[in-house]
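The residues making up each chain are set out below.
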Amino acid sequence: MASDDLTVAILFNDDQTLVAGEERDRLAVEGVDAVAATVAEAVREAGWSEWRLAVGRDLHPVTDRLRDHRPHVVFNLVESVAGQPRMEAAMAWLLEWLELPYTGSPPEAMSAGLDKAHAKALLQAAGIPTPGVAFPAIVKPRCQDASHGISPESVVQDSAAAAARVAYVRARYLQDAVVEEFIEGREFNLSLLGPADSATLLPPSEIDFSQYTPGRSRVVGFEAKWSADSADFRGTTPFFPNLEPEILGALREVATGAYSAIGLRDYGRVDVRLHAERGPFVVDVNPNPDLSTDAGLARAAAQTGVSYSQLVQELVRMALARAGVATAA
């Protein structure tokens, strides 16, 4: 297909109100429209046409426009519907129903990745190491992404503290919590590209905790990810280490295994804690990670010489290839 014949629809969530959580959680929600704009710029750089569509509470206008205009491919940035992260997979299901090719993971993987208890069961069934139940433990909202509801205060030392934190999660985020061992050790964000069964691991990114507040549990929580003026943000700087071959091999094995077990495709991120004696543990699998120009996936791709525009264009091509459509490079 010639470049000037290709139309890319860019869908992103427009959540007018937060259904649950803290007011600060709005920081992550409001960033999606900015990502849509940078994706649109990359699409235009390829010589393709684009149009953007915000997905709000009512899916009928979205369905009508997609059905009436039928873009060649959809770039799916939708992370929630009507402010509800558990509905993240709804847009992927809608695109499946409309038989439109789209970027990113299928709805089954979206749902599995969001539900931490379900993801843990799939990982364990595939032999991927995950934290067990022991103290100190970390308490996380069961179905939430972008570190909503996670902070150093999420790390608890006994059952009474765990019960109190579970009660907080239920009250603020209106869902159950997952309680699992807090793994002390190095933390890695592992970005991957490609199909579920043959993904490529991009250069691993590690969190530098050297400037982290002494005595505070080392957690990359919500403040560390989204509040640039916070001490947690300044104390959790990502960098690309030179890794020993055996460590790199171990990280690649668990990351590609987790990516496959959850059923991710095109792109995704696997978060791993590396215990000094017990090795790597997968602590999160994200089928829809942040695609900002300065986020982990784009930075990891840049380490291999792939620009942000090239990354976006490759994701579009992967989606089209599944539909049997070839594009000019």
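What you see is a predicted model, and the numbers here were worked out from it, not measured in a lab.

1. Thoughts on the overall build of the protein chain
On a plain count of helices and strands, the protein chain comes out with 12 helices and 12 strands. Computed over the C-alpha atoms, the radius of gyration of the protein chain is 19 Å, within 12% of the 20 Å expected from 2.2 N^0.38 for a compact globule of 329 residues. Its C-alpha atoms give the protein chain principal-axis dimensions of roughly 60 × 45 × 40 Å. By the burial criterion, 53% of the 329 residues in the protein chain qualify as buried. Considering only intrachain contacts with a sequence separation of at least 6, the fraction spanning at least 24 residues in the protein chain is 70%. Averaging the locations of the 29 positively and 45 negatively charged side chains of the protein chain gives two centres separated by 3 Å.

2. Side note on the sheet that holds strand β2 (residues 49-55)
Ordered by their spatial adjacency, 3 strands build an open sheet running β2-β1-β3, and the pairing between neighbours is parallel. With one partner strand each, in any of the chains shown, β2 and β3 (73-77) form the two edges of the open sheet. Each strand of the sheet is rotated relative to its neighbour by a mean of 20°, with strand direction disregarded. Relative to β2, strand β1 (residues 7-13) runs parallel, the two being bridged by 7 bridges. The partner of Asn 13 across the bridge, within β2, is Val 55. In the packing of helix α4 (residues 88-98) onto the sheet, contacts are made with β1, β2 and β3, and the angle to β3 comes to roughly 170°.

3. Here we look at the packing of helix α3 (residues 60-69) against α4
Two numbers describe how α3 lies on α4: the axes approach to 11 Å, and their chain directions differ by 35°. Relative to α4, the crossing made by α3 is right-handed. In this structure, α3 contributes Val 62, Thr 63, Leu 66 and Arg 67 to the contact, and α4 contributes Met 91, Leu 94, Leu 95, Trp 97 and Leu 98. A class-by-class count of the residues in the contact of α3 with α4 yields 7 nonpolar, 1 polar and 1 charged.

4. Some points on α4
Across the 11 residues of α4, 8 count as buried, placing the element largely inside the fold. For α4, the secondary structure elements touched by its buried residues are β1, β2, α3, β3 and α5 (107-114). Of the residues trailing α4, Glu 99 is marked for its positive phi of about 60°.

5. Details of the nonpolar core
Membership of the largest hydrophobic core comes to 32 residues, with the highest contact counts inside it found for Val 8, Ile 10, Val 39, Phe 75, Leu 77, Leu 291 and Val 316. Taken together, the elements giving at least two residues each to this core come down to β1, α2 (32-45), β3, α11 (296-303) and α12 (308-322). Examining the composition of this core, we find that 8 residues originate from one element, α12, more than from any other. With sequence-adjacent residues up to four places away left out, Val 39 is seen in contact with Ile 10, Phe 75, Leu 77, Tyr 308 and Val 312.

6. As for the environment of Gly 279
Mapped onto the fold, Gly 279 is located in strand β12 (residues 279-286). Take Gly 279: its relative accessible area is 15%, and that puts it in the buried class. Note: C-alpha distance between Gly 279 and Ala 261 (18 residues apart in sequence) is 19 Å.

7. Describing unusual backbone geometry
The residue after Phe 135, namely Pro 136, is reached through a cis peptide bond having omega 0°. The topology assignment puts Pro 136 in the loop between α6 (116-125) and β4 (137-141). In this model, Asp 266 sits at a positive phi of 70°, which is unusual for a non-glycine residue. Its place among the elements puts Asp 266 in strand β11 (residues 266-275). Overall, the relative accessible area of 2% leaves Asp 266 in the buried class.

Conventions adopted
Residues numbered from 1 in each chain as written. Predicted model: local features only at pLDDT ≥ 70, side-chain atom pairs only at ≥ 80, totals over all residues. Heavy atoms only, no water. Helix = DSSP H or I, 4+ residues; strand = E, 2+ residues; numbered from the N terminus. Rg over C-alpha atoms; globule rule 2.2 N^0.38 Å. Buried < 20%, exposed > 50% of the residue type's maximum accessible area, 1.4 Å probe, protein only. Contact = heavy atoms within 4.5 Å. Lys, Arg positive; Asp, Glu negative; His and termini not counted. Charge placed at Lys NZ, Arg CZ, Asp CG, Glu CD. Pairing = 2+ DSSP bridges. Axes fitted to C-alpha atoms, helices over the stretch in contact; angles between N-to-C directions. Left-handed = near helix turned anticlockwise from the far one by under 90°. Nonpolar A, V, L, I, M, F, W, Y, C, P; charged D, E, K, R; others polar. Core = buried A, V, L, I, M, F, W, Y, C linked by side-chain atoms within 4.5 Å.

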